[in-house]
Amino acid sequence: MRILAKDEAKFIDQWAVEKGGLPLAVLMENAGRGVAEAIVEAFEELDEPLEIVIVAGKGNNGADGLVAARHLEEWGHEVRIVIPDEGEGSELFEEQMAAIEALEIPVLTIDDGDVFEAADVIVDGLVGTGLTGELCDSVMEILDRIDAHVETYPDTLMVAIDVPSGMNSNTGEVANGTVAMDITVTFGAPKIGMLLYPACAYCGKIAVKGLGFSWEMALLDDDNKQYPTELITPDLVTALLPEREETAHKGTNGHTLIIGGSDGMIGAPLLAAEAAVHAGAGKVTAVVPSDCLKMLQTKVMPEVLTGSFSSLLHLRMHAADKEAVAIGPGFGRSEESMTLAKTFITTTEAPLVIDADGLWALGHMDTVGDEFAKRDFPAILTPHPGEFARLTGLSVEEIEADRVEIARQFAIKYKVVLVLKGAPTVVASPEGLAAVNYSGNEGMGTGGMGDTLTGIIASLLGQGLEELEAAMVGVYLHGAAADELYEERNFGYTPSEVSRQLPYTMTELLDMDVE
């Protein structure tokens, strides 16, 4: 499912006017009616008229609100409009305001007393996607009044037009004064920022309404220079899941190698290997340093083959016939192990997933980036924000402030598939595609979850998915399996349990596709 950056949404509007033959006023009419429909749909079992206050800024976002007011008033609801008491309106705002005045719909400012009294619904149409920086004082004053009203009357339904006022539609940042919504009515497709924290906690339910034309056509125009961003959905994952022929056997389902382990860290490669088994790999081998092999063999499930290494030659021999290789879980950070991991990573031709200590061994990507660019197929890197900070030299705060675009540019620059873990996880490709994953929950914040994800992605890669596909499917399945456990308990479930849940999650997706 496509999700839109601010510039893409702007390009669609411009394309509609310049090439699609649709005046902006027509788009506004469709948007405003969509807002009105979303409000009525939220009260579909209520027969009585609603008291609706539409707070309209003087730009085109506010003009959408005025269109919604006309429709809601026509449908029998009691509507009043609140506007800032300063500033000039846009041309379209003034045109819509003329219609509002002709229809004698009340227009107020906050100086007119308790303008929100008895409101069943308050609609935020103050500021749209064009916001840069902080909210102005007049808007802040209105939002403060709204917030105070909702605190007293918490059952008031809060509805935002396109985005909550104060939300950055690209990065998910929110300005001081932004008010949480119950419903955000957006147009064409969700905006990227709606899926990122902290903004996603302010949007409530996202209701997508049409623009009155096939907006996807605009994005195919040669003048559109934006890289695409997708939402990883169950339908997408189901379509990408590896298909099994009736004649399939262990030799056709991929042999996945897990390289890791060190003194005190034997659990990490064990978790990755067992996750690879549960994700459907035909064969899985886990290899650890020679002095850790006995410990691994006493702990690992019987379906996992085991082996050991003590040199670069051993690693190359183990990787030679494997469809996928994952390196890093529990590998250790001694100088010797770091040198071994870095040398193997930068010289192997094997399909590669790099996590944990494997990422640590790389240091800053500028020192090794040329080696990744030489590969026939991109390596998959799976850092959490702290590891990504080491790879990039950025702070965690800088990364979280714009995680989608930073991930995208990193993947393009170094020609890798990047899995930037977090809430939400972002997958980015060397071609510039970014994909946002919404499965998963806060109960996953425990040691070993990343090792399980590594095993899942490596398993899918070994089963024949391309690198980007394996990463997208892997992060979704990992989160979806945890979501099923979350229904029984919010925390305290383990990475091993997530691993064991995987086959059931995959089966449910396939059954859904059949139905």
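Note on numbering: residues in each chain are counted from 1, in written sequence order. At least 70 in pLDDT is required for a residue's local features to be given in this predicted model, at least 80 for side-chain atom pairs to be given and counted, and no such filter applies to totals for whole chains, interfaces and linings, which use all residues. The side-chain figures draw on all heavy atoms in the structure; neither hydrogens nor water molecules are used.

Some points on the UniProt feature "domain: YjeF C-terminal" (unreviewed entry) in the protein chain
Condition: UniProt positions are given in the numbering used here, feature names are shortened, and annotations may be inferred rather than shown by experiment. Helical segments are the DSSP runs of H or I of at least four residues, strand segments are the runs of E of at least two, and each set is numbered from the N terminus.
Annotation from UniProt places "domain: YjeF C-terminal" (unreviewed entry) at residues 233-509. The distance separating the terminal C-alpha atoms of residues 233-509 is 11 Å; by composition the span is 48% helix and 13% strand.

A look at helix 15 (residues 385-392)
Rules: Partly exposed describes any residue whose relative accessible area lies between the buried limit of under 20% and the exposed limit of over 50%, with all areas from a 1.4 Å probe on protein chains only and scaled to the type maximum. Contacts: residue pairs with any heavy atoms within 4.5 Å of one another.
Summarising burial for helix 15: 6 of the 8 residues are buried, a large majority. When helix 15 is considered as a whole, its buried residues turn out to be P385, E387, F388, A389, L391 and T392. The inward-facing, buried residues of helix 15 contact helix 13 (356-362), strand 15 (380-381), helix 16 (396-401), helix 17 (403-414) and strand 16 (417-420).

Here we look at the UniProt feature "binding site: K(+)" (unreviewed entry) in the protein chain
Following the UniProt record, the feature "binding site: K(+)" (unreviewed entry) maps to N61, D124 and S165 here. For this annotated set, covering 105 residues, all C-alpha atoms fall within 9.8 Å of each other, a compact arrangement in space. Within the secondary structure, N61 is located in helix 3 (residues 60-74). Judged by its relative accessible area of 10%, N61 is buried. Contact partners of N61, with chain neighbours within four places excluded, come to D124, G125, L126, V127, G128, I161 and D162. Relative to the elements of secondary structure, D124 occurs in strand 5 (residues 121-125). Taking the relative accessible area as the measure of exposure, D124 reaches 1% and is therefore buried. The contacts of D124, once residues within four sequence positions are left out, are V55, N61, V159, A160, I161, P164, S165 and M181.

Things to note about the side chain of T505
Tracing the chain through its elements places T505 in helix 20 (residues 495-514). Overall, T505 belongs to the buried group, its relative accessible area being 2%. Not counting residues up to four positions away in its chain, the partners in contact with T505 are L477, A480, A481 and E484.

Remarks on the pairing of strand 12 (residues 305-309)
Remember that side chains alternate between the two faces of the sheet whenever the strand is regular. Put simply, the test is: Strands are treated as partners if at least two bridges between them are detected by DSSP. Assignment of crossover handedness uses the view with strands pointing away from the viewer, where a clockwise path from the first strand over the helix to the second indicates a right-handed crossover.
As defined by bridge partners, strand 11 (residues 283-289) adjoins strand 12 across 5 bridges and the pair is classed as parallel. Of the residues in strand 12, the one forming a bridge with P289 is F309. In this fold, strand 11 hands off to helix 10 (residues 293-299), which returns the chain to strand 12; that crossover is right-handed.

Thoughts on the nonpolar core
Selection rule: Here, the term nonpolar core denotes a set of buried Ala, Val, Leu, Ile, Met, Phe, Trp, Tyr and Cys residues that are joined through side-chain atoms within 4.5 Å.
If you look at the biggest cluster of nonpolar residues, it comprises 57 residues, and the most contacted ones within it are I232, V237, V419, V427, I457, V473 and L477. Sorting elements by how many residues they give to this core places helix 19 (residues 467-486) first, with 12 residues. The residues contacting I232, other than those within four sequence positions of it, are V237, V427, A435, V436, N437, Y438, M472, V475 and Y476. Formed by 48 residues, the second largest nonpolar core is a distinct cluster that contains F344, L352, M365 and A411.

Observations concerning a negative patch on the surface
To be explicit about the condition: Within this analysis, patches are made of residues with over 30% relative accessible area and no salt bridge. Like charges are joined at 9 Å or less; nonpolar side chains (Val, Leu, Ile, Met, Phe, Trp, Tyr) at 5 Å or less. Working definition of accessibility: Shrake-Rupley area with a 1.4 Å probe, residue cover restricted to the visible protein chains. Just to be clear on terms, a salt bridge is a Lys or Arg side-chain nitrogen sitting within 4 Å of an Asp or Glu carboxyl oxygen. For the purpose of charge, His is not counted, nor are the chain termini; Lys and Arg are scored as positive and Asp and Glu as negative. Charged groups are reduced to one reference atom each: NZ for lysine, CZ for arginine, CG for aspartic acid, CD for glutamic acid.
Residues D85, E86, D111, D112, D137, E141, D144, D147 and E151 make up a contiguous surface patch of negative charge. Relative to the helices and strands, D144 is located in helix 5 (residues 137-152).

A look at the packing of aromatic side chains
Aromatic ring pairs are defined here through the distance separating the ring centres and the angle between the ring planes. Our working definition: Note on ring pairs: Phe, Tyr and Trp rings are taken, using the six-membered ring of Trp, and paired if centres are within 6.5 Å. Classes follow the plane angle, with under 30 degrees stacked, over 60 edge-to-face and the rest tilted. Throughout this description, the term charge over a ring refers to an Arg CZ or Lys NZ atom that lies within 6 Å of the ring centre and within 35 degrees of the ring normal.
Per the stated rule, a full pass over the model turns up 5 aromatic pairs. Taking 5.8 Å as the distance between ring centres and 10° as the angle between the ring planes, the aromatic pair formed by F309 and F331 counts as stacked. Taken together, the residues span a long stretch of sequence, with F309 in strand 12 and F331 in the loop between strand 13 (324-327) and helix 12 (335-347) at a distance of 22 residues. In this pair, the class of F309 matches that of F331, namely buried. Each ring, one from F388 and one from F410, has its centre 4.9 Å from the other, and the planes form 70°; the classification is edge-to-face. With F388 in helix 15 and F410 in helix 17, this pair connects stretches of sequence that are 22 residues apart. The residues F388 and F410 share a single accessibility class, namely buried. Clustering of aromatic rings is evident, with ring pairs tying together F388, F410 and Y414. The aromatic ring of W360 is capped on one face by R390, whose charged end is 3.9 Å from the ring centroid.

Some points on helix 11 (residues 312-319)
The condition is simple: Think of it as the arc spanned by the lines of direction from the helix axis to the C-beta atoms.
Turning to helix 11, its buried residues are L315, H318 and A319. Buried residues along helix 11 cover an arc of 95° about the axis, so they all sit on one side. Summarising the geometry of helix 11, the exposed residues directed more than 90 degrees from the buried face are L313 and M317. Its buried side turned inward, helix 11 meets strand 10 (255-259), strand 11, strand 12, strand 13 and helix 12.

A look at the side chain of H77
We apply this condition: Throughout this description, a polar contact denotes any pair of N or O atoms lying within 3.5 Å of each other; where both atoms belong to protein, one of them has to be capable of donating a hydrogen while the other can accept it, and for residues adjacent in sequence the pair is counted only when both atoms sit in side chains.
Relative to the elements of secondary structure, H77 occurs in the loop between helix 3 and strand 3 (78-82). Side-chain polar atoms of H77 contact the backbone nitrogen of L50, separated by 3.0 Å. If near-sequence neighbours (up to four positions away) are discounted, H77 is found in contact with V40, E48, P49, L50, I52 and L72.

Let's talk about the domain arrangement of the protein chain
Heads up, the condition is: For every domain, the bounds stem from an assignment made automatically or drawn from a database. By buried area we mean how much accessible surface two parts lose on assembly, using a 1.4 Å probe and totalling the loss over both. The classification used treats Ala, Val, Leu, Ile, Met, Phe, Trp, Tyr, Cys and Pro as nonpolar, Asp, Glu, Lys and Arg as charged, and all other residues, Gly among them, as polar.
Domain parsing of the protein chain yields domain 1 (6-226) and domain 2 (235-240 + 248-513). Taking only C-alpha atoms into account, the centre of domain 1 sits 42 Å from that of domain 2. Contact with domain 1, which involves 6 residues of that partner, is made by 7 residues of domain 2. For the pair domain 1 and domain 2, the summed buried area comes to about 560 Å², and 71% of that belongs to carbon and sulfur atoms. There are 0 salt bridges connecting domain 1 and domain 2. Here domain 1 is connected to domain 2 by 0 residue pairs in polar contact (both at pLDDT 80 or more). Here the side of domain 1 that touches domain 2 is built from residues that sort into 4 nonpolar, 1 polar and 1 charged.

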